[in-house]
Every structure is written in C-alpha cells, then in structure tokens.
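Spelled out from the first residue to the last, the chains are:
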Amino acid sequence: MTETMTTQLPGTTPQQGRASHRPKAVPSRPSRAAVGSRSLPPFHLRAGLSVVVPVYNEVHSLRRVLDRILEQPQVSELVLVDDGSTDGSGDVIRAFGNDSRVVVRQHATNRGKGAALRTGFAAATGDFVLVQDADDEYDPRDYGGLLEPLVRGEADVVYGSRWLLGPHARNSHWLHTIGNRVLTAVSNFFTGLDLTDMETCYKAFHRDALDGMEIRSRRFTVEPELTAKIARRRLRVFEVPISYRARGWNEGKKIGWRDGVAALGAIVWFRFRD
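Reading the values: rules and limits
- Residues numbered from 1 in each chain as written.
- Predicted model: local features only at pLDDT ≥ 70, side-chain atom pairs only at ≥ 80, totals over all residues.
- Heavy atoms only, no water.
- Phe/Tyr/Trp six-rings, centres within 6.5 Å; stacked < 30°, edge-to-face > 60°.
- Helix = DSSP H or I, 4+ residues; strand = E, 2+ residues; numbered from the N terminus.
- Buried < 20%, exposed > 50% of the residue type's maximum accessible area, 1.4 Å probe, protein only.
- Lys NZ or Arg CZ within 6 Å of the ring centre and 35° of its normal.
- Core = buried A, V, L, I, M, F, W, Y, C linked by side-chain atoms within 4.5 Å.
- Contact = heavy atoms within 4.5 Å.

## Concerning the packing of aromatic side chains
1) Next: In the structure shown here, the tally under the stated rule is 5 aromatic pairs.
2) Next: Centre to centre, the rings of Tyr143 and Tyr202 are 5.9 Å apart; their planes meet at 65°, and the pair counts as edge-to-face. Of this pair, Tyr143 sits in helix H4 (residues 143-151) while Tyr202 sits in the loop between helix H5 (174-191) and strand S7 (203-206), and the two are 59 residues apart along the sequence.
3) Next: A residue is classified by how much of its surface remains accessible, and Tyr143, at 0% relative accessible area, is buried.
4) Next: Ring pairs connect the aromatic residues Tyr138, Tyr143, Tyr202 and Tyr244, which therefore count as one cluster.
5) Next: Across the ring face of Trp163, the terminal group of Arg181 is positioned such that the distance to the ring centre comes to 4.6 Å.

## Describing the nonpolar core
If you look at soluble globular proteins, the nonpolar side chains tend to sit buried side by side.
1) Next: One finds Val51, Ile69, Leu78, Phe121 and Tyr143 to be the most contacted residues of the largest nonpolar core, which totals 64 residues.
2) Next: Dropping the residues within four chain positions of it, Phe121 is found in contact with Val52, Val129, Val131, Phe205, Arg207, Leu210 and Ile215.

These figures capture arrangement, not role.
So this is what it looks like as structure tokens:
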C-alpha cells in the first residue's frame with residue numbers, strides 16, 4: 001500500500017511545508033499560491049551547520065554572499081572551495097580566512113561544481129551540511145526554513161524549491177524555467193520522488209545522509225546524481241519554499257543547454273549505476 005506523508009511545521013498552515021517522500025510514495029502537493037518563504041520562525045541550532053560554497057570566478061558577488069552567510073545565526077562553519085578561479089575570487093576568499101568559522105580548500109585548476117562539492121563535503125564537520133552557490137541568486141535568510149525539518153528529525157534531506165512560491169523576486173529566463181521543469185519531471189519518473197525543483201542549489205543534509213555517498217560528477221550533473229542517490233538510499237526528503245533572484249548570462253550565469261542535455265543523461269545513468 002502506498003503511504004503518503006505530509007508534515008505541518010510550527011507557524012505554518014497545513015499547506016505551508018511540503019513533505020516529499022520515500023521513493024514510490026506520492027504525497028499531495030500544496031497550493032503554490034498559499035506558500036510563503038518567510039512563514040517559518042528563525043531559530044538557533046544546538047548542533048553545528050556547515051555551509052559549503054563552491055566558487056569559480058564570482059568576484060563581483062562573492063564578498064556580498066559570504067557576508068550574508070556569516071550573518072546567519074545558524075552557521076558554525078563556512079567551507080569555501082576555490083575551484084581554480086582566475087578573476088580575483090581567491091583574494092576575496094583569503095580575506096575571509098581570518099574568521100575562525102571559515103575553512104578554505106583550493107583546486108589548482110577548474111574541476112567543476114561536482115568536484116568542488118566533493119571536496120567541500122569532505123572538509124565539513126557540522127552535524128548539518130548545506131550547499132550555497134556564490135552567485136547571489138539564493139538568499140541565506142532562508143536557512144531557517146531549510147533546517148527546521150532536519151532539526152526536528154522529520155527529514156534526512158531538505159530541498160529548497162523555487163517553484164513553491166508565487167512570483168519570484170526576479171524570474172528566470174523562460175528557457176531555464178522550462179528546462180528545470182522538464183529535468184525535474186524526468187528525474188521524478190526515474191527516482192519515484194515528487195519534487196518540484198530537483199536542480200535547486202539549496203540542498204541541506206543531515207551529516208549521516210552524506211556518509212558513504214561518493215560523488216562522481218564533475219560539473220552540474222551533480223544535482224541529478226545527488227537526487228538519484230538520495231532516492232536509492234530511501235532517505236526522507238522534505239521540500240520547502242525559498243526566494244530566488246535569477247541572473248542572466250550577461251551577469252555571469254554559467255549553466256547552459258549543454259548542461260541540460262548532460263543532466264538528462266545523468267538522470268538515467270545514476271538510476272542504474274553508482
């Protein structure tokens with residue numbers, strides 16, 4: 001018999017917090033118009049949160065993003081992985097190295113987001129681990145909502161969905177929106193999950209969920225790889241709304257249609273391979 005799981009969080013209505021499920025379950029989906037990204041109250045973690053930031057040529061946004069991360073009361077450790085930057089991002093990272101919460105790792109050459117996350121996860125020591133991009137599209141003020149299901153023991157992994165909101169602060173290009181929806185739908189078909197945003201940067205993990213999970217992807221195919229491996233491990237997945245400010249190619253956006261094609265291949269590959 002198929003089991004449905006829907007969990008209500010403190011300070012929310014039954015529609016303001018959406019549980020995904022173990023593979024093959026099909027939970028009901030909330031009304032998107034009823035969901036807001038600021039419904040969960042802020043809180044402090046008793047256990048440590050490590051934020052892993054892969055960095056490649058983000059000098060224009062990096063300092064602002066790192067300042068905002070370190071302002072969040074939940075953050076006990078910030079792991080910065082300089083993935084062979086050539087634009088001065090390394091200088092910004094070194095400037096933050098004097099903060100006792102900051103851990104710096106460096107790749108001599110650009111190896112890709114997947115490789116940077118592999119390095120960052122290995123260096124992280126917190127009981128909870130969260131991924132943050134360095135491009136200023138995602139808002140660290142959403143950490144409270146992402147961490148709440150983990151702290152309460154209701155989830156092993158939490159995805160921050162850009163599509164559980166009403167209008168974005170700044171919308172994505174329509175091609176990216178369609179591409180993300182297609183990739184998420186195909187991923188759901190192969191994994192049995194019912195996510196709305198598989199490609200989201202914001203993925204928060206209980207430390208145990210990452211133990212023994214080997215990341216093989218070098219580039220952006222790390223997103224479908226992580227999702228496939230999470231599903232195969234039958235981890236409890238929760239999805240919460242986040243805010244999002246999309247940037248364009250003229251602002252340095254790096255992902256393109258070739259990455260979308262590669263992601264489709266990765267969805268199928270990691271469904272059957274480790």
